[in-house]
Amino acid sequence: MGDANTIRFLGAAGTVTGSKHLLTVNGRHVLLDCGLFQGLKALRLRNWQPLPFDAARVDAVLMSHAHLDHSGALPLLVRQGFRGPIYCTPATKELAAVILRDAAHLQEEEAEIANRYGFSKHRPALPLYTTDDAEAALRLLETRDYGAPFPVNGDIDAIYRRAGHILGAATMELQLGPGACTRLVFSGDLGRWNRPILRDPELVPEADVVLVESTYGDRIHSGDAEAALARVVRDAVARGGALIVPAFALGRVQELIWTLRRLEDADAIPTVPVFVDSPMATDVTDIYLHHPEEHDLDKQLLRDAKRAPLRCREQRIIRTAQESKALNDRSGPMIIVSASGMATGGRVIHHLKARLGDDRTTVLLPGFQAAGTRGRALAEGAREVRIHGRSVPVRATVVTLDGFSAHADRDEP
Ligand SMILES: [Zn+2]
């Protein structure tokens, strides 16, 4: 670790995952984000390498938002000796708890399966980190509100500004060095303007150094996306089968439900049963309700069971795997919203397996589908897809709707 004032970019060159920036001012170190590498296997393997700096000598972490590619390596940082505060906004703290516990759980599960079937080179196969590691990181989270300056260490002051990307996401303005020599802005991921639910990004004032990870500064025409969604729902109901929507639990599910409810209230679509089959999406929706500072939704209305904008008229939350399986016996028009968003895993796989062969089924892909995923295969008109080692014929109607693509989603849950 050098003593000059420097920023080291420790993410993967040429990709936007694994965001980690070591900021050194007057010989003291602060980390901006601490994400996991995601995507192709060669990239994911980099998560197993030791962090390229002494974690115990980092004073603090400033987190921009809760997505795994910005937060997912925090448990590793703590395991390697970091003990300082991890600053984030209040909504990010709650989301990080859901996301890091889920990530640890999945890694433990994967290691267990690898050990049971012996398909790992490593014996025993170990999780990248455990639930205990995740809990140790979560205990270090300290919240700071948007717009309120706070000292990070003796050499850095910070302010969070709303980034409009996901719930809790922030752009950081940093004042470096005593006497305020340099102003640095770190964007994390930026959101779009005019999106459903979340407030717009705040304009960031001038700075000496700006670190922008990715921008989605374009304005989407939400009216067009809404009209397109209404058409998809009406056609799906006319076919008489289920409308299955693979969607990311964090953000996408809430935007979809919000839009469906608006369409119901405008009589643009018929009221049919809507099943939200994702415990994580349900937890995330609760976090939306705890954080009115993030959106303009009416607080009174949010608590009104009949009129709440983040639920459909006939919405059912599916919690257990048993309830999820029971949906297979149900026929007639209905909407099933379930993770993951590119049909790479999660409960949506079971619904696709059960219903892709039925020509009354409609599948709506509401966002970007990465190469190599089942979602991409479906979007490109595959006549069959492989699920659980079996070939499943595709007789369902598959529709893609890009208006809901607010982020290049990568591997989010
Ligand atoms: Zn993000």
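The structure presented is a predicted model; accordingly, all values stated were derived computationally and were not measured. (Residues numbered from 1 in each chain as written. Predicted model: local features only at pLDDT ≥ 70, side-chain atom pairs only at ≥ 80, totals over all residues. Heavy atoms only, no water.)

Draft legend 1. Summary view of the pairing of strand S17 (residues 384-387). Judged by which residues are buried, S17 turns out to be one-sided: Val-385 and Ile-387 face inward and are buried, whereas Glu-384 and Arg-386, on the alternate face, are not. Pairing of S17 with strand S18 (residues 390-393) involves four bridges; the strand directions are antiparallel. Residue pairing across strands places Glu-384 opposite Pro-393, the latter belonging to S18. Turn length for the S17-S18 hairpin, with the two strands adjacent in sequence and antiparallel, is two residues, and the turn residue His-388 shows positive phi of about 50 degrees. (Buried < 20%, exposed > 50% of the residue type's maximum accessible area, 1.4 Å probe, protein only. Helix = DSSP H or I, 4+ residues; strand = E, 2+ residues; numbered from the N terminus. Pairing = 2+ DSSP bridges.)

Draft legend 2. Here's a closer look at helix H8 (residues 279-290). Over its twelve residues, H8 runs 17 Å from end to end, which matches the ideal 16 Å to within 8%, given 1.5 Å per residue. For H8, the elements touching its buried residues are helix H4 (90-117), helix H7 (252-265), strand S13 (274-277) and strand S14 (315-317). (Expected span 1.5 Å × (residues − 1). Contact = heavy atoms within 4.5 Å.)

Draft legend 3. Seen up close, the pattern of salt bridges. One pass over the full model with this rule turns up 16 salt bridges. One salt bridge in this structure joins Glu-173 and Arg-161, with 2.4 Å as the shortest N-O distance. With Glu-173 in strand S9 (residues 170-176) and Arg-161 in strand S8 (residues 156-162), this pair connects stretches of sequence that are twelve residues apart. Take Glu-173: its relative accessible area is 7%, and that puts it in the buried class. Where Arg-199 meets Asp-296, a salt bridge forms, and the shortest distance between an N and an O atom there is 3.0 Å. Linking Arg-199 in the loop between strand S10 (182-186) and strand S11 (209-211) with Asp-296 in the loop between H8 and helix H9 (299-302), this pair joins segments that are 97 residues apart in sequence. On the basis of relative accessible area, Asp-296 is assigned to the exposed category, the value being 61%. Residues participating in the shared-partner salt-bridge network are Arg-28, Asp-59 and Asp-155. (Salt bridge = Lys/Arg side-chain N within 4 Å of Asp/Glu carboxyl O.)

Draft legend 4. Broad picture of the environment of Val-363. Relative to the elements of secondary structure, Val-363 occurs in strand S16 (residues 362-365). Once the C-alpha coordinates of Val-363 and Ile-336 are considered, the two residues, 27 residues apart in sequence, prove to be 9.6 Å apart.

Draft legend 5. Region of interest: unusual backbone geometry. With an omega of 5 degrees, the peptide bond between Ala-339 and Ser-340 qualifies as cis. Inspection of the secondary structure puts Ser-340 in the loop between strand S15 (334-338) and helix H11 (348-355). For Asp-267, which is not glycine, the phi torsion reads 55 degrees and is therefore positive. By the secondary structure assignment, Asp-267 is in the loop between H7 and S13. Judged by relative accessible area, Asp-267 falls into the exposed class, the value being 66%. For His-388, which is not glycine, the phi torsion reads 50 degrees and is therefore positive. Its place among the elements puts His-388 in the loop between S17 and S18.

Draft legend 6. Seen up close, the coordination of the zinc ion. In the first shell of the zinc ion, the protein supplies His-65 (NE2), His-67 (ND1), His-165 (NE2) and Asp-189 (OD), at 2.2 to 2.3 Å from the metal. Here the zinc ion is ringed by four donor atoms whose angles at the metal span 93 to 163 degrees, and the overall shape comes out irregular. Taken in chain order, the donor set of the zinc ion reads H-x1-H-x97-H-x23-D. Taken together, the positions of His-67 in the loop between strand S4 (58-62) and helix H2 (68-71) and Asp-189 in the loop between S10 and S11 put the pair 122 residues apart, joining distant regions of the chain. A residue is classified by how much of its surface remains accessible, and His-67, at 3% relative accessible area, is buried. (Donors = N, O, S within 2.8 Å, 3.2 Å for Na, K, Ca; no water. Tetrahedral: all angles 85-135°; square planar, octahedral: opposite > 155°, others 65-115°.)

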